[in-house]
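What follows is the residue order along each chain.
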Amino acid sequence: MSLQRLLDSDRLAPAATSAQEIGDLLRLVRQYLWDAQAESISADLRFTAAYQAALQLATIPLRCAGYRTVGGGRHVTVFQALPAAMGESYRDLAGYYDACRRKRHMAEYQRVGQISEAEVAELIATTHDFLLQVEKWLAAHHPTLLAE
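Residues numbered from 1 in each chain as written. Predicted model: local features only at pLDDT ≥ 70, side-chain atom pairs only at ≥ 80, totals over all residues. Heavy atoms only, no water.

1. Some words on the overall build of the protein
A tally of helices and strands in the protein yields six helices and two strands. The linear arrangement of helices and strands in the protein, starting from the amino end, is α-β-α-α-β-α-α-α. Radius of gyration (C-alpha) of the protein: 15 Å, near the 15 Å computed for a compact globule of 148 residues. Summarising its shape, the C-alpha atoms of the protein cover approximately 40 × 35 × 25 Å along the three principal directions. Taken over 148 residues, the protein has a buried fraction of 45%. If you take every contact in the protein between residues at least 6 apart in sequence, the share linking residues at least 24 apart comes to 74%. Total accessible area computed for the protein in this model is approximately 7500 Å², and 54% of it derives from carbon and sulfur atoms. (Helix = DSSP H or I, 4+ residues; strand = E, 2+ residues; numbered from the N terminus. Rg over C-alpha atoms; globule rule 2.2 N^0.38 Å. Buried < 20%, exposed > 50% of the residue type's maximum accessible area, 1.4 Å probe, protein only. Contact = heavy atoms within 4.5 Å. Areas by Shrake-Rupley, 256 points an atom, 1.4 Å probe, with all protein chains shown as cover.)

2. Comments concerning the nonpolar core
Counting residues in each nonpolar core, the largest one holds 44 residues, and the members touching the most others are Ile-22, Leu-57, Ile-60, Phe-130 and Leu-138. Elements supplying a minimum of two residues to this core: helix 1 (3–8), helix 2 (19–36), helix 3 (43–64), helix 4 (74–86), helix 5 (91–109) and helix 6 (117–141). Here this core takes 13 residues from helix 3, the largest share from any one element. Beyond its immediate chain neighbours, meaning those up to four positions away, Leu-57 contacts Leu-26, Val-29, Thr-127, Phe-130, Leu-131 and Val-134. (Core = buried A, V, L, I, M, F, W, Y, C linked by side-chain atoms within 4.5 Å.)

3. Brief notes about the side chain of Thr-59
Position of Thr-59 among the secondary structure elements: in helix 3. Setting aside chain neighbours within four positions, we find Thr-59 in contact with Leu-25 and Val-78.

As structure tokens, then:
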């Protein structure tokens, strides 16, 4: 979905970002990924931590494009905006993260114990790879936002 369409449907609002904000998001992503690897907690909580890392990471290109989410369904909006903000090659990844969003929602609000260790490991690995891609993308497209 285009950023303009999301803006027109009142799901995005213009908002400038800063190197401080991007740095804070990257630190948060790393913390969530670290937490997701703590084997002393349940697979459900580890999945949630990895999902939160992915969500914050997918927020970075949107913020770099000069937008923030508004209204309900903010998680959905972030993933819908990812291909428009970072490139169409991220459409499949956005779909994967949206499926993780639904699974996380079920695990948190409806049914405990449905997340497998393999799902946790896959989400952690995918998000770690995405972190490397976002860092490379930032360096190429928004180097001034990596200052802090």
